[in-house]
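# Chains, contacts and geometry: an overview
Spelled out from the first residue to the last, the chains are:
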Amino acid sequence: MTPRPDENARTELRDLVAQASQRREQEHERIETEFWQEIDRLQKRYHGAQQDIADALDVKRNQILRQTKRYRSADQDPAADNG
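Attention in this report is confined to the structure presented alongside it. Note that the structure is predicted; figures quoted are calculated from it, not measured.

### Things to note about helix H1 (residues 7-42)
- The terminal C-alpha atoms of H1, which comprises 36 residues, lie 52 Å apart, in line with the 52 Å expected from a rise of 1.5 Å per residue.
- For H1, every residue scored as buried is listed here: Trp 36, Gln 37, Ile 39 and Asp 40.
- Packed against the buried residues of H1 are helix H2 (49-57) and helix H3 (61-71).
- Residue Asp 6 occupies the N-cap position of H1, its side-chain oxygen lying 3.3 Å from the main-chain nitrogen of Asn 8.

Next up, the structure:
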């Protein structure tokens, strides 16, 4: 049987779990950003690509628009494409 924890062990465990949780959230955000930036690039391949992507992901076109705008990097600003 493992020993009963003291308060220091509990505090250390909570801190380690919090750190692991924070790393998980950071990685999730990084992956989401990369995914939606790639979708943003792909939707420009041809007229109607946004709808085809929405169909492939089983979401509405509006969600594609919202998410790509949310995660769009500064160098992918559509205003820059119009110049």
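### Regarding unusual backbone geometry
- Of note, the phi angle at Asp 58 is positive, near 60 degrees, even though the residue is not glycine.
- By secondary structure assignment, the location of Asp 58 is in the loop between H2 and H3.
- Note on Asp 58: relative accessible area 70%, which makes it exposed.

Definitions and limits used
Residues numbered from 1 in each chain as written. Predicted model: local features only at pLDDT ≥ 70, side-chain atom pairs only at ≥ 80, totals over all residues. Heavy atoms only, no water. Helix = DSSP H or I, 4+ residues; strand = E, 2+ residues; numbered from the N terminus. Expected span 1.5 Å × (residues − 1). Buried < 20%, exposed > 50% of the residue type's maximum accessible area, 1.4 Å probe, protein only. Contact = heavy atoms within 4.5 Å. Polar contact = N/O pair within 3.5 Å; in protein donor to acceptor, adjacent residues only side chain to side chain.

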